[in-house]
Amino acid sequence: MTDASNAAPKYPAPSTVSEQAKQWLAIQLPAGVYPPREDTAAWSALVEQTNSYLLSHYVAASADLPVTLEDRTIGDVPVYVATPTAPHEQSRQQSGVVYFDVHGGALLFGGGQVCRAGTAMSAASIGVQVWGVDYRIPPLHPYPAGLNDTVAAYRALLEVHHPSRIVVAGSSAGGNLAAALMLRAKNEGLPLPAALILNTPEIDLTESGDTFQTLKEVDNVLSSLKEVNEMYADGADLTDPYLSPIFGDLSGFPPTFLQSGTRDLFLSNTVRMHRKLLAAGVEAELHVFEAMPHGGFGAASPESQELIAAQRAFIAKHLDALS
């Protein structure tokens, strides 16, 4: 991954967002350039390069957070368990609530130490214990390896926590796996969690929604991931619900919180998922933020703080232990 461009943005920030948001919108990340599908070494090098870039930002953001971190292995799946240590969070910890976090990263990036740091950041933000799943990734481990790891970690969590005290969450690619986990859990007879959080979820790998066209030059963070999606799927049909959960049977899903922005390439994903959940009789909240691109405006922005507050309120509504 190369650094962001200093060129003037094609679409200036509106006056309706915070100063932090305006600064974020002035950044222009380059469109992804991917190796030939059969070049495993090049894909692995890209993963390493991108994770190094991400870690350089995550290390500063996760430094000195009021959490403890424990590294566990469930079967062969690394899981990072982060627990808040701030005194005002103790009552929440004692409630036994666990936030099962599936990291994002285009189903390719964000593993290892990036996942570990992100787990700590999530625990400090949400204020409860977080399990971060470091699932296997392509090119060495394409679908269904990552989903299998996510299911295995969730099964292990169910052995030590009641489902009524579990929140499953995923952002972007993590939203894909979190939603696919719900489908697998239903089909395998596992109890579902009390709530589901899907932040700008990548739930349609066919990229068939409207905003993949209308926002393809507007989102300053994300461009099409079709090449990555095909490499991840490893020949499987992209419309398979375990690859693109929006094509699955969503009946029986837990209450779901969905987030996107008006500049987010995945806005169609999120809006369509919301409508399909409602049609299936699932309680679902949709939160769309002004001018927000994929992934938000950074943790320091007022918009991000508003999003966190909305998520905590949603969690509190469905897990009275957080009230």
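Residues numbered from 1 in each chain as written. Predicted model: local features only at pLDDT ≥ 70, side-chain atom pairs only at ≥ 80, totals over all residues. Heavy atoms only, no water.

A separate point is the sheet that holds strand 3 (residues 98-102). In any sheet, the strands associate via hydrogen bonds between backbone groups, in a parallel or an antiparallel arrangement. Taking strand neighbours across the sheet as the criterion, the eight strands line up as 1-2-4-3-5-6-7-8 in an open arrangement whose pairing is mixed. Edge positions in the open sheet fall to strand 1 (67-74) and strand 8 (284-289), since each of these has one partner strand only. On average, adjacent strands in this sheet sit at an angle of 20 degrees to one another, irrespective of strand direction. With eight bridges connecting them, strand 1 and strand 2 (residues 77-84) associate as antiparallel partners. By the bridge assignment, Thr73 is partnered in strand 2 with Pro78. (Pairing = 2+ DSSP bridges. Helix = DSSP H or I, 4+ residues; strand = E, 2+ residues; numbered from the N terminus. Axes fitted to C-alpha atoms, helices over the stretch in contact; angles between N-to-C directions.)

With that out of the way, let us pick up the pattern of salt bridges. Close approach of charged atoms lets side chains of opposite charge pair. Counted by the stated rule, this structure contains 10 salt bridges. Close ionic contact of Asp71 with Arg116 constitutes a salt bridge, the shortest N to O distance being 2.9 Å. In this pair, Asp71 sits in strand 1 while Arg116 sits in helix 4 (residues 113-126), placing the two residues 45 residues apart along the sequence. What makes Arg116 partly exposed here is its relative accessible area of 22%. A salt bridge links Glu188 to Arg155; its shortest N-O distance comes to 2.9 Å. Note that Glu188 is positioned in the loop between helix 6 (173-187) and strand 6 (195-199) and Arg155 in helix 5 (residues 145-160), a separation of 33 residues in sequence. Since its relative accessible area comes to 33%, Glu188 is described here as partly exposed. Among the charged side chains, a network of salt bridges with common partners joins Arg155, Arg184 and Glu188. (Salt bridge = Lys/Arg side-chain N within 4 Å of Asp/Glu carboxyl O. Buried < 20%, exposed > 50% of the residue type's maximum accessible area, 1.4 Å probe, protein only.)

Turning our attention to the side chain of Asp134. Its place among the elements puts Asp134 in the loop between strand 4 (129-133) and helix 5. Buried charge without a salt bridge: Asp134, with Arg116 as the nearest opposite-charge side chain at an N-O distance of 8.8 Å. (Lys, Arg positive; Asp, Glu negative; His and termini not counted.)

For Glu202, the position within the fold is in the loop between strand 6 and helix 7 (211-214). An unpaired buried charge is present at Glu202: no salt bridge exists, and Lys226, the closest side chain of opposite charge, is 11 Å distant. When neighbours within four sequence positions are excluded, Glu202 is seen to be in contact with Ala106, Leu107, Ser172, Ala173, Asn176, Leu225, Asn229, Phe266 and Asn269. (Contact = heavy atoms within 4.5 Å.)

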